[in-house]
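# Commentary on secondary and tertiary structure
In case you want the letters, here they are:
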Amino acid sequence: MKNYSIPIFIAVLLAVWGCLPSRGGKSSSKIASDSLTIAQGKELFIQNCSACHNFRQRGIGPNLAGVTVTESTEWLASFIANSPQMVSAGDPRAVELFKEFKIPMPPFPTLGENNIAALIAYMHTFADDTAHGPAMGTALKNPVPTPIVSSGITLSAEYFARVPATAELPPVARINKMAPMPGTDRLLIHDLRGKLYEITGDTVSLYMDFPKLREKFIDKPGLGTGLGSFAFHPDFLSNGLFYTTHTEPAGTSPADFDYEDSIGVTLQWVLTEWTQKDPAATRFSGQGRELMRVDMVTGIHGFQDLNFNPLAVRGSAEYGILYLGIGDGGATGEGYDFICHDRKRIWGSVIRINPAGNNSRNGKYGVPPDNPFVAEKDSEVVKEIFVYGFRNPHRTSWDPLTRKMLITDIGQSSIEEINLAVPGGDFGWNTREGTFALNPEKIDSVYSLPADDNRDSYVYPVAQFDHSEGRAISGGYVYRGENIPVLRGKYIFGDVVSGRLMMTDADALHQGNQAEIKELSFEAEGKKQNLEELTGNKRVDLRFGQDNKGELYIFTKADGRIWKITGAR
């Protein structure tokens with residue numbers, strides 16, 4: 001998942017004080033060139049910068065190839081010190097970056113002269129942009145030209161609760177998922193920094209303190225890392241089972257899914273099964289067992305949504321089957337595009353497993369016999385895969401009426417997607433983004449599909465918007481509740497960054513069609529306002545929740561507040 005706490009950070013962090021030539025200059029005499037310093041800089045870059053930047057294409061921030069020869073030392077130092085002030089003062093380059101990437105880089109303290117010098121040394125090895133790839137035609141500047149218009153609907157929200165702050169600066173609470181405990185009215189929400197809470201009335205109490213249970217737990221560098229997701233088994237009240245994902249340092253334990261030794265590992269994602277001794281208890285007490293461990297190239301696009309199909313009927317093949325979205329780990333952006341568009345590798349997929357089974361390669365869980373690739377004779381094919389070809393399959397949900405499974409995929413620099421799951425389907429990343437072609441070697445633009453495109457080879461999204469409308473899709477739910485009739489049958493979702501609220505007609509979501517997306521207005525605290533205004537932050541970090549009656553909630557990392565949608569007009 002994208003995290004915007006260090007946007008444009010390294011657009012330029014990395015080109016810093018006194019070590020760079022003036023704008024347009026050629027000199028590199030002050031930039032270290034020894035292998036030890038460059039190796040140190042590479043490690044620092046992977047840990048601190050690679051989530052937002054690389055040297056092949058733009059992402060959350062600009063492409064850094066050549067940055068050590070394009071900006072003056074003085075400008076870079078001022079920008080790093082206080083970019084919002086430079087934007088306010090009208091600095092042309094700062095304003096240009098703000099307009100392109102929508103949010104300013106926050107002020108940053110110094111990393112220290114030695115670390116900065118090492119970062120610059122590593123960055124300077126990319127002074128010439130050599131990533132080109134195959135010719136794709138003319139890049140599309142406005143791939144989805146039809147604008148998102150108002151639906152004419154205003155959502156009314158009431159304050160529900162506030163999650164305790166786990167940081168002093170935004171995002172003050174990295175709240176990521178809210179879901180009900182099956183068979184109860186209990187609601188839980190988690191903070192990526194390692195806290196799982198229960199909400200009772202407007203009181204938020206700690207249910208599980210993850211760092212105390214797993215000493216290797218890390219929530220750095222942010223960007224989706226930490227306590228990633230949770231899901232309660234549908235029989236939790238009788239068996240006490242629930243599941244979490246979290247991150248640990250690289251090399252903590254041997255991974256069940258790894259890749260070539262020549263490719264670095266930034267961290268590991270871990271799937272754990274927990275047994276709560278007393279399912280009625282308000283605080284966790286019990287044991288956990290590891291089910292799966294996966295290496296990641298960078299800290300972004302790791303394990304995403306973790307869910308059981310809430311519509312599955314006891315005794316059916318779907319009951320007790322666990323779904324997990326796994327992103328590409330930033331592999332494509334680092335030049336390892338072959339890792340994440342391959343049925344022989346787990347990255348960039350949504351997997352489907354049976355936690356109660358043991359026929360997996362590591363013997364810790366089961367591979368359902370009706371998974372789409374189980375019959376493949378090639379033993380290297382990952383039989384856990386349900387669908388693949390995703391960059392960052394951020395959220396999954398099911399329409400209670402049609403029973404369709406929806407998967408939202410956060411795009412690179414152009415397209416945000418809503419997809420319908422087709423078992424065994426290839427959703428195209430990293431040669432497709434939305435209904436457009438993509439060059440996997442330089443993924444900062446999309447192109448028209450080739451004339452000979454075989455649409456049977458890929459599963460295309462059923463709704464999409466481009467980055468002129470929003471930066472990262474926040475998946476939501478098809479509303480089939482009772483309290484808000486005007487929303488019934490609408491898929492409600494939004495933009496992570498701005499908090500812009502959107503909807504589309506669930507009945508229009510079918511293959512071969514692009515459903516129309518419309519904007520929803522919002523009112524709270526007695527007045528109509530957008531979520532940027534409500535949170536007082538340009539980076540809202542929007543998420544959606546749902547209770548066991550199908551009623552909707554929205555919450556924001558910027559301020560840790562949860563709002564219940566109570567009506568619409």
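Our structure is the block above this text.
Conventions and cut-offs
Residues numbered from 1 in each chain as written. Predicted model: local features only at pLDDT ≥ 70, side-chain atom pairs only at ≥ 80, totals over all residues. Heavy atoms only, no water. Core = buried A, V, L, I, M, F, W, Y, C linked by side-chain atoms within 4.5 Å. Buried < 20%, exposed > 50% of the residue type's maximum accessible area, 1.4 Å probe, protein only. Helix = DSSP H or I, 4+ residues; strand = E, 2+ residues; numbered from the N terminus. Contact = heavy atoms within 4.5 Å. Pairing = 2+ DSSP bridges. Polar contact = N/O pair within 3.5 Å; in protein donor to acceptor, adjacent residues only side chain to side chain. Salt bridge = Lys/Arg side-chain N within 4 Å of Asp/Glu carboxyl O. Phe/Tyr/Trp six-rings, centres within 6.5 Å; stacked < 30°, edge-to-face > 60°. Axes fitted to C-alpha atoms, helices over the stretch in contact; angles between N-to-C directions. Lys, Arg positive; Asp, Glu negative; His and termini not counted.

Once that is clear, we can look at the nonpolar core. As a rule of thumb, soluble globular proteins bury nonpolar side chains together. Formed by 41 residues in total, the largest nonpolar core has its most connected members in Leu 271, Met 292, Phe 303, Ile 346 and Trp 347. Listed by contribution, the elements that provide at least two residues to this core are strand S7 (241-249), strand S8 (267-276), strand S9 (286-296), strand S10 (303-308), strand S11 (322-326), strand S12 (349-353), strand S13 (385-388) and strand S18 (436-438). Sort the elements by how many residues they give to this core and S9 lands first, with 4 residues. Ignoring anything within four residues of it in the chain, the contact list for Leu 271 reads Tyr 243, Thr 244, Thr 245, Arg 289, Glu 290, Leu 291, Met 292, Phe 303, Leu 306, Leu 322 and Ile 353. By size, the runner-up hydrophobic cluster in this structure holds 22 residues, among which are Leu 155, Tyr 479, Met 503 and Leu 542.

A separate point is the side chain of Thr 408. Its location among the elements puts Thr 408 in strand S15 (residues 405-409). If we skip the residues at most four places from it in the chain, Thr 408 touches Asn 392, Pro 393, His 394, Arg 395, Glu 417, Ile 418, Ile 473, Gly 475 and Tyr 491.

Time to look at the pairing of strand S5 (residues 203-209). Examined bridge by bridge, strand S4 (residues 195-200) and S5 share 6 bridges and lie antiparallel to one another. Bridged to Glu 198 within S5 is Ser 205. Here S4 hands over to S5 after 2 residues, with Gly 201 in that stretch at a positive phi of 65°.

Within the secondary structure, Gln 268 is located in strand S8. When the C-alpha atoms of Gln 268 and Thr 298 are compared, they prove to be 9.6 Å apart, with 30 residues separating the residues in sequence. Side-chain polar atoms of Gln 268 contact the backbone oxygen of Ser 253, separated by 2.8 Å.

What follows is about the pattern of salt bridges. If you walk through the whole model with that rule in mind, you get 27 salt bridges. Linking Arg 488 and Glu 482 is a salt bridge whose minimum nitrogen-to-oxygen distance equals 4.0 Å. Overall, the relative accessible area of 36% leaves Arg 488 in the partly exposed class. A salt bridge links Lys 490 to Asp 505, with the shortest nitrogen-to-oxygen separation between them at 3.9 Å. Of this pair, Lys 490 sits in strand S22 (residues 490-495) while Asp 505 sits in strand S23 (residues 501-505), and the two are 15 residues apart along the sequence. Each of Lys 195, Asp 209 and Lys 212 takes part in one network of salt bridges that share partners.

The final tally for this structure, using the stated rule, is 21 aromatic pairs. Note on Phe 210 and Trp 274: the rings are 5.7 Å apart at their centroids and 80° apart in plane angle, and the pair reads as edge-to-face. Of the two residues, Phe 210 sits in the loop between S5 and strand S6 (227-232) while Trp 274 sits in strand S8, which places them 64 residues apart along the sequence. For the pair formed by Phe 210 and Trp 274, the shared burial category is buried.

Let's shift gears to the sheet that holds strand S14 (residues 393-398). Across the sheet, 4 strands lie side by side as S14-S15-S16-S20; this open sheet has antiparallel pairing. At either margin of the open sheet sits one strand with a lone partner, and together these are S14 and strand S20 (463-466). Across the sheet, the mean angle from the axis of one strand to that of its neighbour is 15°, orientation sign disregarded. As defined by bridge partners, S15 adjoins strand S16 (residues 415-420) across 4 bridges and the pair is classed as antiparallel. Looking across to S16, one finds that Ile 407 is bridged to Asn 419.

Glancing now at the environment of Ser 229. Its location among the elements puts Ser 229 in strand S6. Sequence spacing of Ser 229 and Gln 304 is 75 residues, and the spatial spacing of their C-alpha atoms is 6.8 Å. If we skip the residues at most four places from it in the chain, Ser 229 touches Lys 177, His 190, Tyr 243, Thr 244, Thr 245, Gln 304, Asp 305 and Leu 306.

This paragraph deals with the sheet that holds S18. Strand order in the open sheet made by the 3 strands is S17-S18-S19, with antiparallel pairing throughout. Looking at which strands have only one partner, the edges of the open sheet turn out to be strand S17 (432-433) and strand S19 (446-447). Bridge count for S17 against S18 is 2 bridges, and the pairing is antiparallel. By the bridge assignment for S18, Arg 432 is matched with Ala 437.

So, on to unusual backbone geometry. Omega for the bond connecting Pro 170 with Pro 171 falls within 30 degrees of zero, at 0°, which places this linkage in the cis form. Relative to the elements of secondary structure, Pro 171 occurs in the loop between strand S1 (149-162) and strand S2 (175-180). Phi at His 301 takes a positive value of approximately 55°, unusual for a residue other than glycine. With respect to the secondary-structure elements, His 301 resides in the loop between S9 and S10. For Arg 403, which is not glycine, the phi torsion reads 70° and is therefore positive. Here Arg 403 lies in the loop between S14 and S15.

Moving on to the side chain of Arg 395. Relative to the helices and strands, Arg 395 resides in strand S14. No salt bridge forms around the buried Arg 395; measuring N to O, its nearest opposite-charge neighbour Asp 305 is 4.5 Å away. A polar atom in the side chain of Arg 395 sits 2.8 Å from the backbone oxygen of Asn 176. Contact partners of Arg 395, with chain neighbours within four places excluded, come to Asn 176, Gln 304, Asp 305, Leu 406, Ile 407, Thr 408, Gly 475 and Arg 543.

Structural measurements only, silent on function.
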